[in-house]
Each structure stands twice: as structure tokens, then as C-alpha cells.
Amino acid sequence: MTLVHASAISHAPGYIAWVDAAPPAQKDALYAGAETLRRDLAAAQVDELILFTSEHWTNFFYDHVSPFCVGRAESYQGPVEPWLKIGKKTVPGAPDLAEEILAAAYAQDLTPGFAQELAFDHGTMIPLSFLTPEMDVPVVPIIINTLVAPQPSATSCYALGKVVGEVARRRGKRVAIVATGGMSHDPGERNHGFIDEAFDRRFLDLMATGDADALQALTVEQLGAAGAGAIELLGWIALAGALGRFTGEVVAYEAVVPWATGMGLMRFNYTDGSDTV
Amino acid sequence: MSLYVLQKLIRDINRNPAIRERFTAEPDALLADYDLTPQESAALAARDYRGLYALGVHGLLLRPFSIIHQVSEPDYLFAIRGDPE
């Protein structure tokens, strides 16, 4: 009855929508990696899933942007993109878990936004379609503003993640926490197509060694230098906060040029939290 | 300073089939409903991707807008990159 699974996975649309554009060896490695994560999650008999995710002007616009948005809906619909090659699905929510996260955060003077209704775009539907393809695990999405400045700092993402990890560990359910987004990519921007593999490898190393200090020291500008989409890695840093002391294993990494994205998949080992401050 | 309004209209065109239809059928009337500068209106009416990007339109609004208008990825990137470095 605790945190039973933690992983991270990139969500480039090409992963599903134009999968065969990728070199077969890269596609195979990434699909095998996703299957590894799915099996891990299934073996952990997960009751609920918390997803640190990002979005692409689906729910939010310049009229209202909050740094974090905790979904407290009974269910969600997605994907919004008709071209994604994922049929419209209904994803169950976990509103009482969302309430618990919000209460714990506000009790610690962290004040994420919340929403009773959210539509899921590829950023959320791609990880779910790989990890919980039956859409039978209730989800709490936590959407981080990775789209428009000012984005939340790595330290604030880590701090919110820490609260989420505390809630997951004391929850009387088997909880998974997954981060999605990144790695280097610059969608719609001038460097679209450029993949900063050296940056991606450095970031994977930080997540593999559980280097909380170095992860929190990353600035949004440093992430954004690897492309606007690399700012989505704030979700991975939130996951690091949830895990506390941890190590990670790179399940797959491929710089997929036809998808214009450095694709990373990791799974994590962590303590029960009793030795974290 | 109506970059906000410009982006709002682009998002509406991207997401709302009725507004998308109006943008095709009667663009001048549609644009008149939004408080845009002449420069913004002209760039949008001409689907001047380079101009719209230079005005500050977010890539994840502008690229979907270009896809709706059948602009290939290389053409889009050529447009927004401007003069080669």
C-alpha cells in the first residue's frame, strides 16, 4: 500500500502517429522499452496513477495559465487530436486522490491550481496508451506549464513532487507515479528537427544517479536550450522530488530524427521514504 | 500590443471548425471581429508564416495553423527560419 511503480516516458506524436517514419531499430527499441514499462506497471498491480504531464494549448491559453494544474475530474476524454491514431477514449479519474494531493500541498504552502474538467492531448494519451492501454487505472494528471514563460522552476517542481510522493506513500492504495515529456525537441520552433543528444544523455545520467541537487539546479533556460520541448523535463524533475532517494535505469533512449525528438524511457528504484527528510 | 488577440484568433481557427470556415470564406469580416493591428491582420490574411513568427506567435499555435493550410514541414521551417545564419 504505497508507491509501487515509477517511470518516465517521452510522448512525441510520431511515437504513434507516424511510427513507421522511424528507423526500424529505433522503433523496435522504443516499443520494447514501452512494453517493459507496461509489464512493470501491470506486475505492480497499480490501483492509481499520478501523471506529471504537460499540454499543448489544449486546456490552457494565454487567458489563464497556472504553473501546476491538478486534475480532480471523475473522468477524462482524449485524445483531442484526430490524427493521433489513438481512438477517442475515456480515462477514469481519481478525484479523491487529487483532493488528498491538493490538501497536502496547500498544508505545506504549495498552491497548485486545479481543474474539474480537462481534455487529454497526445502528451497524456501517448504514455497512457503504452502503460495502461485498457485505460482501466484511475489517473490524476498534474499538468505543468511548460509552454509559456514564466514556467515554474525546477525547485518548485521538485517541491510539489515531494508532496505528491508523500501522499502516494501513505495512501492506502498501490500508486504509480509517471512523468512524461521531453527530451530535447523544439516543436514548431526554429530548431525543430534538432536533437541535442549530449544534453539528453546528461539529463538521463542525472536521473539515473538520482542527483536531486543537480536536477533542481537546472534552470528553465538551460532546459530550453535543448529546445522548447525539453522544458517538459520539469515533469521528470517533479518525479525526482516524489522519489526522494532513488536510482534510475534507462530502459531506452533513441534520438529519432523523423520524430524530431530525443526519446527517453526510464524506470526507477527508490526507498520507502522513511529515510528522506 | 495585440499579440494576445492574434494568437487567440489563430487558436480559434485551429480548434473551431466554424471559425476555420469563416477564415476561408470571409477572412476580412472575421479579422474585423478581432482587435488586430494592420500588420497583424495582413500577416494572417496572407498566411505569412515568417511574419507571424516574427510577431511572436507561439510555435505550437503557428505550426498547427500551417498544417491546416497544407504547409509541409520543410516549407514551414524555411519560412520561420528566415535568412540562413
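Caption draft 1: The arrangement of the packing of helix H1 (residues 3-15) of chain B against helix H2 (residues 17-25) of chain B in detail. All names here are of chain B. At a minimum axis separation of 6 Å, H1 and H2 run at an interaxial angle of 105 degrees. Comparing the axis directions of H1 and H2 gives the class roughly perpendicular. Contacts between H1 and H2 involve Leu 9, Asp 12, Ile 13, Asn 14 and Arg 15 on the former and, on the latter, Pro 17, Ile 19, Arg 20 and Phe 23. Tallied by class, the residues present in the contact of H1 with H2 amount to 5 nonpolar, 1 polar and 3 charged.

Caption draft 2: Main features of the sheet that holds strand E10 (residues 261-270) of chain A. All names here are of chain A. Judged by pairing direction, the sheet is mixed, and its 8 strands sit side by side in the order E6-E3-E7-E2-E8-E1-E10-E9 without closing on themselves. Two strands bound the open sheet, and with one partner strand each, they are strand E6 (113-115) and strand E9 (246-256). Looking at each pair of strands side by side, their axes are set apart by 20 degrees on average, direction ignored. Relative to strand E8 (residues 175-180), strand E2 (residues 48-53) runs parallel, the two being bridged by 5 bridges. Of the residues in E8, the one forming a bridge with Leu 51 is Val 178.

Caption draft 3: Focus on the interface of chain A and chain B. Listed as interface residues are 15 residues of chain A and, on the opposing side, 17 residues of chain B. Summing both sides of the interface, chain A and chain B together bury roughly 1500 Å²; the carbon and sulfur share of this comes to 52%. Three residues stand out in chain A for area buried against chain B, namely Trp 57, Phe 61 and Arg 190 of chain A, and they jointly supply 43% of the buried area on that side. On inspection of chain A and its partner chain B, the count reaches 0 salt bridges. The interface formed by chain A and chain B holds 14 residue pairs in polar contact (both at pLDDT 80 or more) in total.

Calculation criteria
- Each chain carries its own residue numbering, running from 1 in the direction its sequence is written.
- Starting at A for chains and at 1 for ligands, labels are handed out in the order in which the entities are written.
- Only residues with pLDDT of at least 70 get local features here, since the model is predicted, and only at 80 or more are side-chain atom pairs given and counted; chain-wide, interface and lining totals rely on the full set of residues.
- Side-chain numbers here rest on the full set of heavy atoms in the structure, without hydrogens or water.
- Here the axes come from fitting lines to C-alpha atoms, over the contacting stretch only for helices, and the angles between their N-to-C directions go from 0 to 180 degrees.
- The secondary structure listing takes helices from DSSP runs of H or I that are at least 4 residues long and strands from runs of E that are at least 2 residues long, numbered from the N terminus.
- Roughly parallel means an angle under 35 degrees; roughly antiparallel means over 145; roughly perpendicular covers 65 to 115; every other angle is labelled oblique.
- The contact rule is simple, with two residues in contact once any of their heavy atoms fall within 4.5 Å.
- Polar here means any residue other than Ala, Val, Leu, Ile, Met, Phe, Trp, Tyr, Cys and Pro, which are nonpolar, and Asp, Glu, Lys and Arg, which are charged; Gly is therefore polar.
- Any two strands between which DSSP finds at least two bridges are classified as paired.
- A quick way to say it: buried area is the sum, across both parts, of accessible area lost when two parts are put together, with a 1.4 Å probe.
- We define a salt bridge as a side-chain nitrogen of Lys or Arg found within 4 Å of a carboxyl oxygen belonging to Asp or Glu.
- Think of a polar contact as two N or O atoms within 3.5 Å of one another; within protein, one of them needs to be a possible hydrogen donor and the other a possible acceptor, and neighboring residues in sequence only count if both atoms come from side chains.

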